[in-house]
Amino acid sequence: MADKPVRADKATAVAELTDKFRNSSATVLTEYRGLTVAELTELRRSLGNQTKYSVSKNTLAKRAATDAGIEGLDELFTGPTALAFVSGDPVEAAKSLRAFAKAHPVLIIKGGVFEGRAISADEVSRIADLESREVLLAKLAGAMKGNLTKAAGLFQAPLSQVARLAAALQEKREQQDGSASAE
């Protein structure tokens, strides 16, 4: 594609999109053809404050992705494209998009960007299958707590065994002293 002079407003739009691509933890590309304005508003609300859903021209978004150093998205920029820029938990955003797409089949998830590389729609679905960051951290904390409890029990076991051994030895001595004095 030959480089044409770019108008100032388009250059500003590309720069903003480039910043969004760079500063997002993930980006999901969707086709929104057939959704009403009310449904798009509902989608934006379901994504929450951590995800910005915006409609963009394909040529500007493609240029911004290239400027951000992301390759492999060119074939996804066909038809009406909207971008979900995720600044929070990518799992929650992917779950929200998938749930909305199930309720409104006209929303199509095309693919996206995760950790700086292009991913397919199937990979976005796999991300949605993951548990949220908070759940994974809670499971990790529970596993660590269980291991710490086991370790504490192991460290206390020798001390309690020594205490039981000392009590048994004392009992045995008392029995021997008691049987020796009885004879």
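Our structure's up above, just so we're on the same page.
Below or above, wherever it landed, is the structure these notes cover. This is a predicted model, so every value here is computed, not measured.

## As for the pairing of strand β1 (residues 26–31)
Part 1: Across the six residues of β1, six count as buried, placing the element largely inside the fold.
Part 2: Burial along β1 is two-sided: Ala26, Val28 and Thr30 facing one way and Thr27, Leu29 and Glu31 facing the other are all buried.
Part 3: As paired strands, β1 and strand β3 (residues 81–86) are joined by six bridges and run antiparallel to one another. Directly across from Thr27, in β3, lies its bridge partner Phe85.

## Remarks on the nonpolar core
Part 1: Ranked by internal contacts, the top residues of the largest apolar core, which has 20 residues, are Leu43, Tyr53, Leu97 and Leu107.
Part 2: When residues of this core are traced back to their parent elements, those giving at least two are α2 (37–47), β3, α4 (90–103) and α5 (121–129).
Part 3: With five residues, α4 is the largest single contributor of residues to this core.
Part 4: Beyond its immediate sequence surroundings of up to four residues, Leu43 is in contact with Tyr53, Leu97, Phe100 and Leu107.
Part 5: Membership of the second largest hydrophobic core comes to 15 residues, among which are Leu29, Leu60, Leu76 and Phe85.

## Describing empty space enclosed by the protein
Part 1: Per the stated rule, a full pass over the model turns up one cavity of 30 Å³ or more.
Part 2: Approximately 60 Å³ is the volume found for the largest cavity.
Part 3: Every residue lining the largest cavity is listed: Ala26, Thr27, Val28, Val86, Pro90, Ala94, Val113, Phe114, Ile119, Val124 and Ile127.
Part 4: Elements supplying a minimum of two residues to the lining of the largest cavity: β1, α4, β4 (108–114) and α5.

## Brief notes about unusual backbone geometry
Part 1: If you check the backbone angles, Glu115 has positive phi at about 55° while not being a glycine.
Part 2: In this fold, Glu115 is placed in the loop between β4 and β5 (117–120).

## Overview of α5
Part 1: All buried positions along α5 are accounted for by Val124, Ile127 and Ala128. Projected onto a plane normal to the axis of α5, the buried residues spread over an arc of 100° and lie on a single side. Along α5, the residues that are exposed and aim more than 90 degrees away from the buried face are Asp122, Arg126 and Asp129.
Part 2: Against the buried residues of α5 lie β1, α4, β4 and β5.

Calculation notes
Residues numbered from 1 in each chain as written. Predicted model: local features only at pLDDT ≥ 70, side-chain atom pairs only at ≥ 80, totals over all residues. Heavy atoms only, no water. Buried < 20%, exposed > 50% of the residue type's maximum accessible area, 1.4 Å probe, protein only. Helix = DSSP H or I, 4+ residues; strand = E, 2+ residues; numbered from the N terminus. Pairing = 2+ DSSP bridges. Core = buried A, V, L, I, M, F, W, Y, C linked by side-chain atoms within 4.5 Å. Contact = heavy atoms within 4.5 Å. 1 Å grid on protein atoms, 1.4 Å probe; cavity = no way out; pocket = protein on both sides within 12 Å on 5 of 7 lines; lining within 4 Å. Points joined across faces, edges and corners; volume = space filled by probe spheres on them. Arc of directions from axis to C-beta.

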